[in-house]
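# Coordinate inspection notes
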Amino acid sequence: MRVKIAVLPGDGIGPEVVKQAIKVINVLSKKFHHQVEIKEGIVGGAAIDKFGDPLPEETWKICEESDSILLGAVGGPKWDNLPGDKRPEKALLKLRSGFNLFANLRPISIFDELIFSSPIKEEYLKGVDFIIVRELTGGLYFGKPKETRIENGEEIAIDTMIYRTSEIRRIAHVAFKMAQKRKKKVTSVDKANILECSRLWRKIVEEVAKEYPDVALEHMYVDNCAMQIVRNPKQFDVILTENTFGDILSDEAAVITGSIGMLPSASLGETKKGLYEPIHGSAPDIAGQNVANPIATILSVALMFRYSFDLEEEAKLIEKSVRKVLSLGYFTKDLYANNPYAQKMVTTEEMGDLIC
Ligand code: NAI
Ligand code: MG
């Protein structure tokens, strides 16, 4: 197979973890005789410094001409005081909306060797396997008006949550289709006791559910869901939710996996082109130290091969290799403490090499 991948390392630990993922792509393409062309683009804070724009035209073009995009992370304290539309994170929002990547998939499963890296008790963790389907191009992050202005002599800030029927319908279909291939249960998460958007959400999800009689649907309020994710995570199969709730719940769910450095994500639209990235940020507190966990980014490559290229065997091999390395007790710093399975603490580079 011939594929073009755009790689956007970004800021902080982004370049460190992406470098390991590129190694994995190279090993894999050699083993399976794929012709993979990788083009790097500058994005985020690094791009602001160089071009005054978090997503320069040239980077956009590289992404446009590629079959898929791998991103590290963007942002950091250096750019924290910039206004909203000039910040590094703007690049992410532009990529998501520009390529219409409305479905963000975040699979949460636990490697047995990492059970003790999680602060949650073992009995609640064994067998956890669910996926968060987060709506990614609507809601609070995109709704207009979105501004800070002076009213009656004081500053006021406005964000707007808007959802259209069509936006809810298409993400609901993604969740139900996903559930059909899994344990056939969708938990739709909202705040329908308070929010208008949630009431519409619930209505449309119910309509879509009728087309999937083999899938069970339940509704859950987001505050309760936040509790249930740590209280009894085994109950979930597919969690379907809107943009902001999905963002927050998936960081919370990362605790289950032992570290935020373990969680990959895929953002998909109507075409095969996807954006793949770890769910974590640029981790400025550990950047440049060669200690970041690259597994979330490497597992994002597995998702890319699965969803964008339909290369399931390759995806499985990546996941199997990660499992193997962990089963041998090689852990990065974030996973190491208090874990009886830990044999050797390894650096970012070493982890990448071991998985390769
Ligand atoms: P963060 O996810 O970067 O870090 C949170 C904590 O997790 C930190 O203690 C960090 O050291 C640790 N951590 C994160 N990834 C890790 C890894 N791979 N291995 C080991 N430890 C890891 O979130 P934070 O600190 O809230 O944000 C830092 C910057 O990243 C901010 O500028 C934020 O806006 C940006 N950000 C970017 C995202 C993206 O590019 N998709 C997503 C989230 C935040
Ligand atoms: Mg987040």
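None of the values given here were measured: they were computed from a predicted structure.

## Thoughts on the site of ligand 1
Taken together, 23 residues surround ligand 1, and among them Gly75, Gly261, His280, Gly281 and Asn293 come closest. In the shell around ligand 1, the residues fall into 11 nonpolar, 8 polar and 4 charged.

## Description of the sheet that holds strand 12 (residues 274-278)
Each strand in a sheet pairs with another by means of backbone hydrogen bonds, the pair being arranged parallel or else antiparallel. Taken in spatial order, the 10 strands of this open sheet run 2-1-3-12-11-4-5-10-8-9, and their pairing is mixed. Each having just a single partner strand, strand 2 (35-40) and strand 9 (216-221) make up the two edges of the open sheet. Averaged over neighbouring strand pairs, the angle between their axes works out to 25 degrees when direction is ignored. For strand 1 (residues 2-10) and strand 3 (residues 68-73), the ladder comprises 5 bridges, and the chain directions are parallel. Looking at strand 3, one finds that leucine 8 is bridged to leucine 71. Along the sheet, helix 6 (residues 165-180) contacts strand 4 (103-109), strand 5 (129-135), strand 8 (185-190) and strand 10 (238-241); its crossing angle with strand 5, the most-contacted strand, is approximately 165 degrees.

## Points about the UniProt feature "binding site: substrate" (unreviewed entry) in the chain
What UniProt calls "binding site: substrate" (unreviewed entry) maps, in this numbering, to Arg96, Arg106, Arg134 and Asp223. Across 128 residues in sequence, these annotated residues place their C-alpha atoms as far as 26.5 Å from one another, rather than forming a single compact spot. We classify arginine 96 as buried; it has 20 C-beta atoms within 10 Å. Inspection of the secondary structure assignment puts aspartate 223 in helix 8 (residues 222-231).

## A look at the domain arrangement of the chain
Buried accessible area, meaning the area lost when the parts come together, often serves as the stated size of an interface. Here the chain is described as being made up of domain 1 (1-109 + 259-356) and domain 2 (129-255). In this structure, domain 1 and domain 2 have C-alpha centres spaced 24 Å apart. Tallying the contact residues gives 17 residues for domain 1 and 20 residues for domain 2. Elements represented by at least two residues in the side of domain 1 that touches domain 2 include exactly helix 4 (89-98) and strand 4. Sorting elements by how many residues they give to the side of domain 1 that touches domain 2 places strand 4 first, with 7 residues.

## Notes on unusual backbone geometry
Residue lysine 144 is joined to proline 145 through a cis peptide bond whose omega torsion reads 0 degrees. With phi around 50 degrees, asparagine 152 is a residue other than glycine that occupies positive phi space. For asparagine 152, the position within the fold is in the loop between strand 6 (143-151) and strand 7 (154-160). Judged by the 5 C-beta atoms lying within 10 Å of it, asparagine 152 is exposed. Phi at asparagine 338 is positive, roughly 60 degrees, even though this residue is not glycine. Within the secondary structure, asparagine 338 is located in the loop between helix 12 (333-336) and strand 14 (344-345).

## A look at the nonpolar core
With 102 residues, the main nonpolar core has Leu70, Val133, Leu240 and Val301 as its most contacted residues. The greatest single-element share of this core, amounting to 10 residues, is contributed by helix 10 (residues 295-308). Looking at which domains feed residues into this core, each of domain 1 (1-109 + 259-356) and domain 2 (129-255) supplies at least three. In contact with leucine 240, not counting residues within four places along its chain, are Val133, Ile171, Ala172, Ala175, Val186, Thr187, Ser188, Val189 and Val205.

Calculation notes
Every chain begins its residue count from 1, and numbering advances along the sequence as written. Here chains are named by letter from A upward and ligands by number from 1 upward, in the order in which they appear as written. Given that this is a predicted model, residues contribute local features only at a pLDDT of at least 70 and side-chain atom pairs are listed and counted only at 80 or more, while totals for whole chains, interfaces and linings are drawn from all residues. Using the backbone to place each C-beta atom, any residue with that atom within 6 Å of a molecule or strand is considered near it. Note that Gly is not counted as nonpolar here; it falls among the polar residues with everything else outside the nonpolar set of Ala, Val, Leu, Ile, Met, Phe, Trp, Tyr, Cys and Pro and the charged set of Asp, Glu, Lys and Arg. Any two strands with at least two DSSP-identified bridges between them are counted as paired. Numbering of helices and strands runs from the N terminus, with a helix taken as a DSSP run of H or I at least four residues long and a strand as a DSSP run of E at least two residues long. Working convention: axes come from line fits to C-alpha atoms, limited for helices to the stretch in contact. Angles between N-to-C directions cover 0 to 180 degrees. Think of it this way: build a C-beta for each residue from its backbone, and any pair within 7 Å is a contact. UniProt positions are given in the numbering used here, feature names are shortened, and annotations may be inferred rather than shown by experiment. We call a residue exposed when 12 or fewer other C-beta atoms sit within 10 Å of its C-beta, buried when the count reaches 20 or more, and partly exposed for counts in between; the C-beta positions come from the backbone. Start and end points for every domain follow an automatic or database-based domain assignment. By definition, a nonpolar core groups buried Ala, Val, Leu, Ile, Met, Phe, Trp, Tyr and Cys residues that connect through C-beta atoms lying within 7 Å of each other.

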